[in-house]
Each structure stands twice: as structure tokens, then as C-alpha cells.
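What follows is each chain in one-letter form.
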Amino acid sequence: MKIYSPDREWPPEYREVIEQLKTITDPVTGGDVLDSGVIAGLEVNGETLRIWLRFESHAEYNLIGESAIAYSKIIGDIMERFALVKFQNVYVYDLGNNIVGVFENKKYKPGI
């Protein structure tokens, strides 16, 4: 994982992802997820994207917390921007390295 920092020198494949992340709005702050500090780190490896969000998931917060709703929206927006569009596999993690969002293209073929 590369820790996200706006002034870091990023390889081209990371810059493309970062430009797309700038278009995802943080519903809590109204700014983009990069400026609001939601993105902790990312990893681009061929057909796989991994993104770490700056939160820890806890079942009790997910049942009652507004932040959980905001993070769910962000995770959904990440999947919409990247899954199958740019990457075959997209994983979103919390700071505890728990998967909170996953898309894996299993290359499903009907009739097999």
C-alpha cells in the first residue's frame, strides 16, 4: 500500500486513479474524498485496485451510525468508477485491513 499524500510523486497508473477519486464526493464534508482525508492509501497492480479508507468498521456503528452510510456511499462510488471500467478486481479496506467492499471479475461464462 502507498500512503496517500497529495504532494507525493505518483506513477502514471496511480495518477489516473487519483484523478477519478477527485470526482467522488464525501457526503459528510461535501468535498472530494481525497481533500476530506477519507483515502488512507492505495495500490494499483495490473488489473487490481486496492484502496484503504481512513476508518475502522465496527458492526455496532454500521447499524446506527451516519458515518457508515457515508462510507457505504463512498464504497459504492469507488466500485462504480473502477470495477470493470478500469480494473477486473477492486478491493476496499478499512484501517484494520478488513475488506469492506469487493468486486472480483470471475469471468463468468453462461452455460459453463
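Structure report, in brief.

### Section: the packing of aromatic side chains
Alright, step 1. With the rule as written, the count across this model stands at five aromatic pairs.
Alright, step 2. When the ring of Tyr 4 is compared with that of Trp 10, the centres are 6.0 Å apart and the planes differ by 15°; the resulting orientation is stacked. The burial state of Tyr 4 is the same as that of Trp 10; both residues are buried.
Alright, step 3. When the centroid spacing of 6.1 Å and the interplanar angle of 55° are considered together, the rings of Phe 82 and Phe 87 count as tilted.
Alright, step 4. In this structure Phe 82 comes out as buried when scored by relative accessible area, which is 0%.
Alright, step 5. Taken together, the ring pairs in this structure connect Tyr 4, Trp 10 and Tyr 14 into an aromatic cluster.
Alright, step 6. Against the face of Tyr 14 rests Lys 2, its NZ or CZ located 5.4 Å from the ring centre.
Alright, step 7. Its guanidinium or amino end placed over the ring of Trp 10, Arg 8 lies 5.0 Å from that ring's centre, counting from NZ or CZ.

### So, the nonpolar core
Alright, step 1. Counting residues in each nonpolar core, the largest one holds 27 residues, and the members touching the most others are Leu 21, Ile 39, Leu 42, Leu 53 and Ile 78.
Alright, step 2. At the level of secondary structure, the elements contributing two or more residues to this core comprise α1 (12–21), β2 (39–45), β3 (48–53), α3 (66–82) and β4 (89–93).
Alright, step 3. Among the elements that take part in this core, α3 stands out by supplying six residues, more than any other.
Alright, step 4. In contact with Leu 53, not counting residues within four places along its chain, are Val 38, Ile 39, Ala 40, Tyr 71, Ile 75, Ile 78, Val 92, Tyr 93, Asp 94 and Leu 95.

### Considering the pairing of β3
Walk down a regular strand and you will see the side chains alternate between the two sheet faces.
Alright, step 1. Counting buried positions over the six residues of β3 gives five, a clear majority of the element.
Alright, step 2. Of the strand pairs in this sheet, β2 and β3 are connected by six bridges, and their pairing is antiparallel. Paired with Gly 41 across the two strands is Trp 52, which belongs to β3.
Alright, step 3. Between β2 and the antiparallel strand that follows it, β3, lie two residues; Gly 46 among them carries a positive phi value of about 65°.
Alright, step 4. Relative to β4, β3 runs parallel, the two being bridged by five bridges. Residue Arg 50 lies in a different strand from β4, and its bridge partner there is Tyr 91.

Rules used throughout
- Residues numbered from 1 in each chain as written.
- Predicted model: local features only at pLDDT ≥ 70, side-chain atom pairs only at ≥ 80, totals over all residues.
- Heavy atoms only, no water.
- Phe/Tyr/Trp six-rings, centres within 6.5 Å; stacked < 30°, edge-to-face > 60°.
- Buried < 20%, exposed > 50% of the residue type's maximum accessible area, 1.4 Å probe, protein only.
- Lys NZ or Arg CZ within 6 Å of the ring centre and 35° of its normal.
- Core = buried A, V, L, I, M, F, W, Y, C linked by side-chain atoms within 4.5 Å.
- Helix = DSSP H or I, 4+ residues; strand = E, 2+ residues; numbered from the N terminus.
- Contact = heavy atoms within 4.5 Å.
- Pairing = 2+ DSSP bridges.

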